[in-house]
Amino acid sequence: YELHRTEGVLLAAYDLTGQMMPGSTDDATRARTFVQTLLARLRENPAVDGAAVAASVPLDIHGLPSRSFVVEGRARSDGRRDESLSNIVTPGYFAALGIPLIEGRDFASLDEVAAPRQVIVNESFRQKYLADTPALGHRIESGGRDYTVAGVVKTTTSEAFDEPPTPAIYFSYRDRVPGSGEIHLTARPGLEDTLASFVASTVRGINPELPVYNVRTMTAHIDRNLVLRKIPARMFVVLGPLLLALAGIGIYAVVAYTVSQRTTEIGVRMALGATSSDVVRAIAWDSLRIVLMGGTVGWLLAFLIEMHVVRGGWRDLPVLIGVPVALLAVALLAFGWQEFTRWSLRSDWEEMEAQVKELDGPLDF
């Protein structure tokens, strides 16, 4: 799956809730008329490639809202309702954002109030809930209303760049009239900023009392709302290597200290007939065993976090293998250095060996 169009997209928010009464049919009709007039006037500008209104913008800091639903003929045995991401959009939304329509057709026009209620689902929704049945014409109940599937669109990124393909339902603005909305205006990349004043003046020409706010490009919207993800990522770029260096220093110090403290033991082992290779293997295994155990535990924890906490699955294999290997290399370096310096203590070992040979009787170790 892929990201929808981001270049050349201008976003602007409006809010009609202050001029609407909850549940009023007349207010819903006026809201539809306002949006229909607004889109028609916006599309008259030669610089505008497409225009649409949606209740929510993908990759928002709050995410897309979830809605419960029941697919006709697929009621769950536990009595619970399924849930998926949702959005309320006008006709032309998918074309404006470059989201391919794979099957079916776009929503009916906003003035076709007598047409049946419609929804459009993405590929992930079809694969999960409608895999063995034709998607078009299937009925879905949500919020006490029945809807007919009119089309299937390609799955696009909705909440985060690392998310797995997620089912989503798109409702028609004609059937669900939200009090607020986000204007989506597309133009040639680089021209979207120049259309900000045009959007504001167009809205004022229809409703002088309606403010337009939070005007920004789609690129700026994504950068702003992903800042909470970028801050930890940037921190780990700095802290990750620092923590790895500190871990390496700690392992080096512990292994080097452990080997140096066993000088007497080494002399005794060699006095009792152990070869240098036997002593090296025994001490190397004792020193690296704890490192191997800690590395294994850390690797398993990282694996579990990657699979179950960080959505997206197993992808950072070089990091998950490279870090334990780097720490083991540090431990081997520490042991090798101590093994090299032990030759300077050879006279001490030879003296220890001579003292042991002078002892009478068996030695108990």
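Whatever comes next refers back to the structure up there.
Described in the following lines is the structure provided in the data block. Remember, predicted model here, so these are calculated numbers, not experimental data.

In this structure the tally under the stated criterion is five salt bridges. Its salt-bridge partner being Arg-139, residue Asp-146 comes within 3.6 Å of it at the nearest N-O pair. Overall, the relative accessible area of 40% leaves Asp-146 in the partly exposed class. Taking relative accessible area as the criterion, Arg-139 reaches 35% and is therefore assigned partly exposed. Taking the shortest distance from any N to any O, the salt bridge between Asp-175 and Arg-174 comes out at 2.9 Å. What makes Asp-175 buried here is its relative accessible area of 11%.

Take the pairing of strand 10 (residues 180–187) next. Consecutive residues of a regular strand have side chains that alternate between opposite faces of the sheet. Within strand 10, seven of the eight residues are buried, leaving the element largely enclosed by the surrounding structure. Pairing geometry for strand 1 (residues 9–15) and strand 10, over seven bridges, is antiparallel. Each residue of the ladder has a partner; that of Leu-11, found in strand 10, is His-184. Strand direction decides the pairing type here: strand 2 (residues 48–54) and strand 10, joined by six bridges, are antiparallel. Opposite Ala-54, over in strand 10, you have Glu-182 as the bridge partner.

Let us look at a nonpolar patch on the surface. Among the surface-exposed residues, Val-227, Ile-231, Met-235, Phe-236, Val-237, Val-238, Leu-239, Leu-242, Leu-243, Leu-246 and Ile-249 lie close enough to one another that they form a single nonpolar patch of about 1,100 Å² accessible area. Structurally, Val-227 can be placed in helix 6 (residues 227–260). Using a relative accessible area of 35% as the deciding quantity, one classes Val-227 as partly exposed.

A word on the packing of aromatic side chains. Enumeration according to the criterion identifies nine aromatic pairs in this entry. Ring centres of Tyr-14 and Phe-34 lie 5.5 Å apart, and the angle between their planes is 65 degrees; on these two criteria the pair is classed as edge-to-face. Placement of Tyr-14 in strand 1 and of Phe-34 in helix 1 (residues 25–42) is noted, with a sequence separation of 20 residues between them. Pair check on accessibility: Tyr-14 and Phe-34 agree, each one buried. Plain terms: the ring middles of Tyr-147 and Phe-171 are 5.1 Å apart, the flat faces sit at 70 degrees to each other, and that makes the pair edge-to-face. Highlighted residues: Tyr-147 in strand 8 (residues 145–153) and Phe-171 in strand 9 (residues 168–172), separated in sequence by 24 residues. For the residue pair Tyr-147 and Phe-171, the accessibility class agrees, reading buried in each case. A network of ring pairs unites the aromatic residues Tyr-93, Phe-94, Phe-107 and Tyr-170 as a single cluster. The ring of Phe-171 carries Arg-176 above its face, with NZ or CZ at 4.6 Å from the centroid.

Turning our attention to the pairing of strand 9. For strand 9, a buried count of five out of five residues is recorded, marking the element as mostly surrounded by other parts of the structure. Side chains Ala-168, Tyr-170 and Ser-172 of strand 9 all project onto a buried face; the interleaved residues Ile-169 and Phe-171 project onto the opposite face, where all are buried too. Where strand 4 (residues 82–89) lies against strand 9, five bridges are found, and the strand directions are parallel. By the bridge assignment for strand 9, Ser-86 is matched with Ile-169. Where strand 6 (residues 118–122) meets strand 9, three bridges bridge the pair, whose relative direction is antiparallel. If you follow Ile-120 over to strand 9, its bridge partner there is Tyr-170.

Right, let's talk about the environment of Ile-140 for a bit. Assignment of secondary structure puts Ile-140 in strand 7 (residues 139–142). Separated by 71 residues in sequence, Ile-140 and Phe-69 have C-alpha atoms that sit 6.7 Å apart. Excluding anything up to four places from it in sequence, Ile-140 contacts Phe-69, Val-70, Val-71, Val-119, Val-121, Phe-125, Arg-145, Asp-146, Tyr-147 and Val-149.

In this section: helix 4 (residues 196–206). The set of residues buried in helix 4 consists of Val-199, Ala-200, Thr-202 and Val-203. Looking straight down helix 4, one finds that the buried residues subtend no more than 160 degrees of arc, so they occupy a single side. For helix 4, exposure combined with an orientation more than 90 degrees from the buried face picks out Ser-197 and Gly-205.

At 3.6 residues per turn, the α-helix brings residues three or four places apart onto the same side. Turning to helix 5 (residues 218–225), its buried residues number three or more, namely Met-218, His-221, Ile-222 and Asn-225. The arc that holds the buried residues of helix 5, viewed along the axis, is 95 degrees, so those residues lie on one side.

Definitions and cut-offs
Residues numbered from 1 in each chain as written. Predicted model: local features only at pLDDT ≥ 70, side-chain atom pairs only at ≥ 80, totals over all residues. Heavy atoms only, no water. Salt bridge = Lys/Arg side-chain N within 4 Å of Asp/Glu carboxyl O. Buried < 20%, exposed > 50% of the residue type's maximum accessible area, 1.4 Å probe, protein only. Helix = DSSP H or I, 4+ residues; strand = E, 2+ residues; numbered from the N terminus. Pairing = 2+ DSSP bridges. Patch = residues over 30% accessible without salt bridge, like charges linked within 9 Å, V, L, I, M, F, W, Y side chains within 5 Å. Areas by Shrake-Rupley, 256 points an atom, 1.4 Å probe, with all protein chains shown as cover. Phe/Tyr/Trp six-rings, centres within 6.5 Å; stacked < 30°, edge-to-face > 60°. Lys NZ or Arg CZ within 6 Å of the ring centre and 35° of its normal. Contact = heavy atoms within 4.5 Å. Arc of directions from axis to C-beta.

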